[in-house]
Amino acid sequence: MTGVPRMTDVTRVVVQASLDDLRSDDVRFLQEAASLGPLHVRVPSDELVVKLTGAPPDFPAVERLFLAGSIRWVDSAAVVDRPLTADLDKLTDPADLAASGTTLVLREEDANVGLRDRTREVGVAFAVVSPAARAGFPLWDPSPPPPATPRVVVTGCFDWLHSGHIRFFMDAAGYGALYVVVGSDRNVALLKGAGHPLQREDERRYMIGAMRTVHTCLVSSGTGWMDAEPEIDQIRPTYYVVNEDGDKPEKREFCEAHGIEYVVLRRIPHEGLPPRSSTDLRGF
């Protein structure tokens, strides 16, 4: 990251990001921006996306706002109807959500001299996140859950993370500290066939670990529908939670044999959001 102010100078960090078709580069950008201070995300409305790009977003603003609020590094988020350039003077208005001491953060490739000059005029600090700074998939290293907290495990491929996955994680996390075990590339290809997974295991692990309801994310080391058995033995969960699509006899039998409570959840979208599936998003 370049043009970075001292941490003691920062009271609020602001970014504008559509988060349409959420990808790891979006999350890495938000993670790096949040390293400067409490992060507020301006999510462009559907109308503003059309104005800025000439095309409607693939995902509605209400869903993109839901995604923003699900990322652990995001402190707050709101849908906005005006371009960032039109609201720079408001970023230092105490009556606005962003108080004085604001730093505006952009991807390096989105920054320009005119915007940089304009931020100086209105007294907003400016920083950029380079592609190099966004590279890689650093692992989230959580503290252990409080003693006596039930541990919950869910397993799956979770290729192309979407709002349906996040709603599932939220529901599963209602049972205790949530541990997600993603299928290894090798096992996903074995179960689903050629072309799967679309995203490699280190990227899928990173994306899921970035969700605030997930305590820990691991990659399975076994094979078949119970490929996560070695990780489950390590986690020692009270609950194994699946959705209707993931309900398999092998999982039920495993839980019965190991004294784990088996919970099957219905696939219900978050309120106000459309149903999502990785198969539909991938197209295969």
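Everything here concerns the structure above.
Now for a look at the structure at hand. Starting afresh in each chain, residues are numbered from 1 along the sequence in its written order. This being a predicted model, a pLDDT of at least 70 is required before a residue's local features are given, and a value of 80 or more before pairs of side-chain atoms are given or counted; all residues contribute to the totals for chains, interfaces and linings. Values reported for side chains reflect all heavy atoms of the structure, with hydrogen atoms and water molecules removed beforehand.

### What to know about the overall build of the chain
Link 1 in the chain: Of the regular secondary structure elements, the chain holds 11 helices and 10 strands.
Link 2 in the chain: Expressed as lengths along the three principal axes of its C-alpha atoms, the size of the chain is roughly 65 × 40 × 35 Å.
Link 3 in the chain: By the burial criterion, 49% of the 284 residues in the chain qualify as buried.
Link 4 in the chain: By definition, residues are in contact when any of their heavy atoms lie within 4.5 Å. Counting only contacts in the chain whose residues sit at least 6 apart along the sequence, the fraction spanning at least 24 positions is 70%.
Link 5 in the chain: Working definition of accessibility: Shrake-Rupley area with a 1.4 Å probe, residue cover restricted to the visible protein chains. Here the chain displays about 13,200 Å² of accessible surface, and carbon together with sulfur accounts for 51% of that area.
Link 6 in the chain: We score Asp and Glu as negative and Lys and Arg as positive, and we do not count His or the chain ends. In plain terms, the charge of a residue is placed at NZ if it is Lys, CZ if Arg, CG if Asp and CD if Glu. The averaged location of the 41 negative side-chain charges in the chain is 2 Å from the averaged location of its 31 positive side-chain charges. The helix and strand labels rest on DSSP assignments: H or I over at least four residues marks a helix, E over at least two residues marks a strand, and numbering proceeds from the N terminus. Classification of residues uses two cut-offs on accessible area relative to the type maximum, computed with a 1.4 Å probe and protein chains only: under 20% is buried, over 50% is exposed, and between them is partly exposed.

### Overview of the pattern of salt bridges
Any two side chains of opposite charge can pair, given that their charged atoms come close.
Link 1 in the chain: Any carboxyl oxygen of Asp or Glu within 4 Å of a side-chain nitrogen of Lys or Arg constitutes a salt bridge here. Counting across every chain of the model gives 17 salt bridges.
Link 2 in the chain: In this structure, D245 and R267 form a salt bridge, with 2.5 Å as the shortest nitrogen-oxygen distance. Taken together, the positions of D245 in the loop between β9 (239-243) and α10 (249-258) and R267 in the loop between β10 (261-265) and α11 (278-282) put the pair 22 residues apart, joining distant regions of the chain.
Link 3 in the chain: Judged by its relative accessible area of 38%, R267 falls in the partly exposed class.

### Details of the sheet that holds strand β7 (residues 177-182)
Link 1 in the chain: When DSSP locates at least two bridges between a pair of strands, those strands are taken to pair. Judged by pairing direction, the sheet is parallel, and its five strands sit side by side in the order β8-β7-β6-β9-β10 without closing on themselves. Unpaired on one side and paired on the other, β8 (216-219) and β10 mark the two borders of the sheet. With strand direction ignored, the average angle separating the axes of adjacent strands in the sheet is 25°.
Link 2 in the chain: Note: strand β6 (residues 151-156) against β9, two bridges, orientation parallel. Looking across to β9, one finds that V153 is bridged to Y240.
Link 3 in the chain: For every element, the axis is a line fit to its C-alpha atoms; helices are fit only across the contacting stretch, and the angle between N-to-C directions ranges from 0 to 180 degrees. Against the sheet, helix α8 (residues 201-209) contacts β7 and β8, and its axis sits at roughly 165° relative to β8.
Link 4 in the chain: With respect to the sheet, α10 is in contact with β6, β9 and β10, its orientation differing from that of β10 by roughly 150°.

### A closer look at helix α7 (residues 185-192)
Link 1 in the chain: Three or more residues of α7 are buried, namely D185, N187 and V188. For α7, the arc enclosing every buried residue in end-on projection is 165°, short of the 170-degree limit, so these residues lie on one face.
Link 2 in the chain: Those residues of α7 that are buried are in contact with α8. Here the arc refers to the set of directions running from the helix axis out to each C-beta atom.

### Some remarks on the pairing of β7
Link 1 in the chain: Extensive coverage of β7 is indicated by the burial of six of its six residues.
Link 2 in the chain: In β7, alternate side chains face the same way, and those of A177, Y179 and V181 on one face and L178, V180 and V182 on the other are all buried.
Link 3 in the chain: Relative to β7, β6 is paired through six bridges, and the arrangement is parallel. Opposite R151, over in β7, you have A177 as the bridge partner.
Link 4 in the chain: Relative to β8, β7 is paired through four bridges, and the arrangement is parallel. Looking across to β8, one finds that Y179 is bridged to T216.

### Section: unusual backbone geometry
Link 1 in the chain: Along the chain, H196 connects to P197 via a cis peptide bond; the corresponding omega equals -5°.
Link 2 in the chain: As for its placement among the helices and strands, P197 is situated in the loop between α7 and α8.
Link 3 in the chain: The phi dihedral of A148 is positive, around 75°, even though this residue is not glycine.
Link 4 in the chain: By relative accessible area, which is 82% here, A148 ends up exposed.
Link 5 in the chain: A positive phi angle, close to 65°, is found at W160, a residue other than glycine.
Link 6 in the chain: With respect to the element layout, W160 can be found in the loop between β6 and α6 (163-173).

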